[in-house]
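# Coordinate analysis (summary)
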Amino acid sequence: FPVENIRNFSIIAHVDHGKSTLADRLLELTGTIDKTKNNKQVLDKLQVERERGITVKAQTASLFYNWEGKQYLLNLIDTPGHVDFSYEVSRSLSACQGVLLVVDANEGIQAQTVANFFLAFEAQLSVIPVINKIDLKNADPERVEKQIEKVFDISSDECIKISAKLGTNVESVLQAVIKRIPSPKAHQKNPLRALVFDSTFDQYRGVIANVALFDGAVSKGDKIVSAHTQKTYEVNEVGVLNPNEQPTHKLHLKKEDLIEGMYPVDQSEYNNLKSAVEKLTLNDSSVTVHRDNSLALGAGWRLGFLGLLHMEVFNQRLEQEYNASVILTTPTVPYKAVLSSTKLIKEYREKEIIIINPAQFPDKSKVVEYLEPVVLGTIITPDEYIGKIMMLCQARRAVQKNMMFIDQNRVMLKYLFPLNEIVVDFYDSLKSLSSGYASFDYEDAGYQTAELVKMDILLNGNIVEELVTVVHKDKAHTVGKAICERLKDSLPRQLFEIAIQAAVGSKIIARETVKAYRKNVLAKCYGGDITRKMKLLKRQAEGKKKLRKVGNVEVPKDAFIKVLRTQ
Ligand code: GTP
């Protein structure tokens, strides 16, 4: 295909602004899929995507379009919209020269619109603003045009107003792709150079990689080397996505000149789960994996995710695609400590260490300072919710950096958040206090000094190793109290009183008590039925196998699960 007739582009937008619907219309217009079929989000292939109505994995399709006597090959890469998946967005963008920035004509610019725009802008891509849903009763495309001009400095003349649902003006989007997005620069005569921007594992065919070709050509039978791992692979098949796989002889361009711990519910499932995790992480390389062992839960993994939805989706995919059943524990963030003791520096070989496991938390006497990861958050909201949102941010230890009205009654707020404060339920709280109107996105902003402490949980004075946590000094009491309460609810009464305590160093910061109770399994047996007595005693002994002893206190596995897992 002549390279000057090729365009590589992505569609980026805030969640629900209509990327997938626009992609469906583009596929129909180019005859890639049949118009008569009920096309709903053809590119959203995963079950989890259809169920949640969101795009998780970027999908690709090649469209052929005839215009002004020339045939064009338009490679469309669909991108996810949610904050957690901006990694997928960046990867897709590195294979593109331009983007369609879709904005809802009613909702206007949202936090993810801003984040996505800057990803594209930094990658020096051509940005075509598309105002979608102009058919809606409350649509106000002129107001959105003004927002685009104010926030992105793009002239309103460049905006294309469409209804992806009805198909209105969608053809002009295709033409703008051809006119405004440059063709890729590639050199067929050079050796093969391609960027793998996505990959999946197929049980029968092996690894399937989606690539953007930069130089050279690749055919069946070729031996290729991964620049990242230096491993060699043999190519079994090459092809394009249209939108389903279509084999071709060759891929080339005709022209001279991109923390969580997880455990199997049943340990005998460990190996099956291991292979499922390996296949899924091949598909989503933004997940980092470390092996881990918990006294209470057995062998498992510490997994690094980009956010809570990312984690939930990974879990759901494990269950749906690999039939695996897992226990997910409450996520933590990677803290750092700058060491002062030379002995420790020798042991760790470095002055600054990352604390992934609370058990490795170095004592304050050996540390110059502790550091916690921070993110720069963008919130866009109708102005009536500003007060409540500011209070929420303050409670999460956030520092305001900026505030700007993007039109008469919509405000963009910028805050520096400790990552730990937003990783679990910030997004849900923000949504509920703004009746769903505020949007949120965040980007990495490095580390800041933090007063961190290690918190122990004790049962009758003995430390429960699996419940040791690292918390900010100001939050120790709240977090400790919550853990003690949850443990109280899930610990069965025993023959003696149990004191549940949260402690920082030698200082007790929260306490709950489980009263004594005598569980007499024989109470129900009156008289002499000896076989029944034996049966009950045996059952009690079996039950004990599932218990872990902390000092003299017996803790069932269930109690750990209730305290550790995400609610
Ligand atoms: P994610 O993949 O989750 O990021 O969402 P998306 O941006 O792909 O949005 P999607 O295409 O799934 O559309 C979201 C909702 O908006 C769906 O209910 C669509 O039917 C609706 N929608 C999309 N385009 C239009 C439009 O032009 N007009 C109207 N009225 N509704 C639209």
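As a starting point, this report considers the structure included with it. (Residues numbered from 1 in each chain as written. Predicted model: local features only at pLDDT ≥ 70, side-chain atom pairs only at ≥ 80, totals over all residues. Heavy atoms only, no water.)

Summing up its helical and strand segments, the protein has 15 helices and 31 strands in all. In the protein, buried positions account for 50% of the 567 residues. As displayed, the protein offers around 28,700 Å² of accessible surface, 49% of which is attributable to carbon and sulfur atoms. (Helix = DSSP H or I, 4+ residues; strand = E, 2+ residues; numbered from the N terminus. Buried < 20%, exposed > 50% of the residue type's maximum accessible area, 1.4 Å probe, protein only. Areas by Shrake-Rupley, 256 points an atom, 1.4 Å probe, with all protein chains shown as cover.)

A few words on the packing of aromatic side chains. Tallying each qualifying case throughout the model produces eleven aromatic pairs. Ring centres of phenylalanine 117 and phenylalanine 121 lie 5.6 Å apart, and the angle between their planes is 25°; on these two criteria the pair is classed as stacked. Linking phenylalanine 117 with phenylalanine 121, this pair stays in helix H4 (residues 111–122), spanning four residues, or about one helical turn. In this structure phenylalanine 117 comes out as buried when scored by relative accessible area, which is 4%. (Phe/Tyr/Trp six-rings, centres within 6.5 Å; stacked < 30°, edge-to-face > 60°.)

This part takes up helix H1 (residues 19–29). Among the eleven residues that make up H1, nine are buried, leaving the element largely enclosed by the rest of the structure. Considered for burial, the residues of H1 that qualify are Lys19, Ser20, Leu22, Ala23, Asp24, Arg25, Leu26, Leu27 and Glu28. Two residues or fewer after H1 comes glycine 31, characterised by a positive phi angle close to 70°.

Residues Ile379, Ile389, Cys393, Phe417, Phe426 and Leu430 are the most contacted members of the largest nonpolar core, which totals 31 residues. Looking at this core, the elements with two or more residues in it are strand E19 (335–339), strand E20 (352–355), strand E21 (367–382), helix H10 (386–395), strand E23 (410–418), helix H11 (419–422) and helix H12 (426–433). Among residues more than four places away in sequence, those in contact with cysteine 393 are Ile379, Ala398, Tyr415, Phe417 and Phe426. Ranked by size, the runner-up nonpolar core spans 29 residues in total, among them Val99, Ala105, Leu125 and Ile154. (Core = buried A, V, L, I, M, F, W, Y, C linked by side-chain atoms within 4.5 Å. Contact = heavy atoms within 4.5 Å.)

With that settled, the discussion passes to the packing of H10 against H12. In the contact formed by H10 and H12, the axes pass within 10 Å of each other and the chain directions differ by 160°. As summarised for this structure, H10 and H12 are arranged roughly antiparallel, according to the angle between their axes. Of the two elements, H10 crosses H12, and the hand of that crossing is right-handed. Across from Lys388, Ile389, Leu392 and Cys393 in H10, the residues of H12 making contact are Phe426, Ser429, Leu430 and Leu433. When grouped by side-chain class, the residues that make up the contact of H10 with H12 number six nonpolar, one polar and one charged. (Axes fitted to C-alpha atoms, helices over the stretch in contact; angles between N-to-C directions. Parallel < 35°, antiparallel > 145°, perpendicular 65-115°, else oblique. Left-handed = near helix turned anticlockwise from the far one by under 90°. Nonpolar A, V, L, I, M, F, W, Y, C, P; charged D, E, K, R; others polar.)

Negative phi values dominate among residues other than glycine, just as trans dominates among peptide bonds. Residue glutamine 124 is not a glycine yet carries a positive backbone phi of 60°. Its location among the elements puts glutamine 124 in the loop between H4 and strand E5 (126–132). Using a relative accessible area of 71% as the deciding quantity, one classes glutamine 124 as exposed. Look at serine 435: it is not a glycine, yet its phi comes out positive at around 50°. Within the secondary structure, serine 435 sits in the loop between H12 and strand E24 (439–449).

Viewed as axis vectors pointing N to C, H1 and helix H6 (residues 170–180) meet at an angle of 80°, and their least axial separation amounts to 10 Å. On the basis of their axis angle, the class for H1 and H6 is roughly perpendicular. Contacts from Leu22, Arg25, Leu26 and Leu29 in H1 reach Val170, Glu171 and Leu174 in H6. For the contact of H1 with H6, the class distribution of residues is five nonpolar, no polar and two charged.

There is a patch of like negative charges on the surface, built from Glu149, Asp153, Asp157 and Glu158. We classify aspartate 153 as exposed; its relative accessible area is 69%. (Patch = residues over 30% accessible without salt bridge, like charges linked within 9 Å, V, L, I, M, F, W, Y side chains within 5 Å. Salt bridge = Lys/Arg side-chain N within 4 Å of Asp/Glu carboxyl O. Lys, Arg positive; Asp, Glu negative; His and termini not counted. Charge placed at Lys NZ, Arg CZ, Asp CG, Glu CD.)

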